Each structure stands twice: as structure tokens, then as C-alpha cells.
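Descriptive analysis of the structure
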Amino acid sequence: MTRMIHILNGPNLNLLGKRQPEIYGHDTLDDVATQCAEIGREAGLETLLRQSNWEGQIVDWIHEAREQAAGIIINPAALTHTSVAVLDALNTFEGPVIEVHISQVHKREAFRHHSYVSLRADAVMAGFGIHGYSLAMRHMAKLLG
Ligand code: DQA
């Protein structure tokens, strides 16, 4: 059975490629999905990439991942810095969790330096642009063996 990786994305990441390209670059979330699917194919992993602007939807998708996914890659976007609900949901998931940020959050405003999600994440990528998702996929493949 092919193992499934859920790649979850939080608020405003639907605008990736259009939103503040000087910070987040010109690539889109579709480009991220294509790259992750390609790496998944090489590693025997299926991928499902989703994005929502709604905190509750992200929580529901994490609950779905409990039943369907071997691992979660998550860019919680602004929810990183605010959401105990997303952290609590991730704490119910038993597989590896990798947190991704396109920008180098530690070089930015102080409120971006704290992440609730990092309390659960097994690895954190920040500042690699969308390449961070590809690196996370490769690391996920390694963690899952
Ligand atoms: C982000 C960083 C967050 O601080 C911000 O709110 C985002 C995107 C990133 O990918 O760099 O929306 O998670």
C-alpha cells in the first residue's frame, strides 16, 4: 500500500506567487504540489496538498490525516503564531510532522519568532523558499524508512 503524506497550508497561501513575491517568491502552491508529488513518486509516497484560510478546516484536515496519512507536512502560515487548536490537533497525530515556512521567520517581525506548532514538529524548515517543501518531503521519506 502506498503511504500518503498530507501537505497542509494555512491562511493566505492560496495567493502564493502573487502575495508579497519579494518575501514568498513567484512560485505557486500548484508548483509546490507538482514538486512534492514528483519526489513522492520517487520515494513511494502519495501526496495530497490542501490549503484553507479557516483554522477549523485545518483542524478537521489534521483529524482526517489521523486516519489516512503516514505523515504531515504543514505550513500553518499565520496560525503558526496563534493557534493552540492546530497544535492540539497535531498532538493527536501519531506519525511524523514537519513544519515548513517559505520565509526565514526568525529574520522577520518578533511575533513570527514563536511557533506553537514547533512544540510538536519533528523538524522545522524556514527560509528555503518553496524548496523547503521538497526538502521536507525527502526528510519525510527518510523518517518513514
Ligand atoms: C509563513 C510565515 C508566517 O509568519 C506567515 O504568517 C505566513 C507564511 C511562511 O511560509 O514563511 O503566512 O508561514
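Refer to the structure above for everything that follows.
Residues numbered from 1 in each chain as written. Predicted model: local features only at pLDDT ≥ 70, side-chain atom pairs only at ≥ 80, totals over all residues. Heavy atoms only, no water.

1. A short note on unusual backbone geometry
For Gln-20, which is not glycine, the phi torsion reads 35° and is therefore positive. Here Gln-20 lies in the loop between strand S1 (3-9) and helix H1 (21-24). Classification of Gln-20 by relative accessible area gives partly exposed; the value is 37%. The phi dihedral of Ala-77 falls on the positive side, at around 55°, and the residue is not glycine. (Helix = DSSP H or I, 4+ residues; strand = E, 2+ residues; numbered from the N terminus. Buried < 20%, exposed > 50% of the residue type's maximum accessible area, 1.4 Å probe, protein only.)

2. Here's the deal with the site of the ligand
Lining the immediate environment of the ligand, one finds Arg-19, Tyr-24, Asn-75, Ala-77, Ala-78, His-81, His-101, Ile-102, Ser-103, Val-105 and Arg-112. At 2.9 Å from an oxygen atom of the ligand is found a side-chain nitrogen or oxygen belonging to Arg-19. Contacts to the ligand include Asn-75, whose side-chain N or O atom sits 2.8 Å from an oxygen atom. Summarising the interface, the protein chains cover 98% of the accessible area of the ligand, which totals 320 Å² for the free molecule. Of all the cavities here, the one that holds the ligand is the largest pocket. Taken together, the residues of the shell around the ligand break down into five nonpolar, four polar and two charged. (Near = heavy atom within 4 Å. Polar contact = N/O pair within 3.5 Å; in protein donor to acceptor, adjacent residues only side chain to side chain. Areas by Shrake-Rupley, 256 points an atom, 1.4 Å probe, with all protein chains shown as cover. 1 Å grid on protein atoms, 1.4 Å probe; cavity = no way out; pocket = protein on both sides within 12 Å on 5 of 7 lines; lining within 4 Å. Sits in = over half its atoms within 2 Å of the grid points. Nonpolar A, V, L, I, M, F, W, Y, C, P; charged D, E, K, R; others polar.)

3. Re the layout of surface pockets
The volume enclosed by the largest pocket comes to roughly 170 Å³. Class assignment of the residues belonging to the lining of the largest pocket gives a composition of six nonpolar, six polar and three charged. (Points joined across faces, edges and corners; volume = space filled by probe spheres on them.)

4. With respect to the sheet that holds strand S2 (residues 45-51)
Strand order in this open sheet of five strands is S2-S1-S3-S4-S5, and the pairing throughout is parallel. Edge positions in the sheet fall to S2 and strand S5 (123-126), since each of these pairs with one other strand and no more. The mean inter-strand angle of the sheet, taken between neighbouring strand axes irrespective of direction, is 15°. Pairing between S1 and strand S3 (residues 71-75): five bridges, direction parallel. Within the sheet, the bridge partner assigned to Ile-7 lies in S3 and is Ile-73. Across the sheet, helix H2 (residues 29-43) touches S1 and S2, and the angle it forms with S2 is around 165°. (Pairing = 2+ DSSP bridges. Axes fitted to C-alpha atoms, helices over the stretch in contact; angles between N-to-C directions. Contact = heavy atoms within 4.5 Å.)

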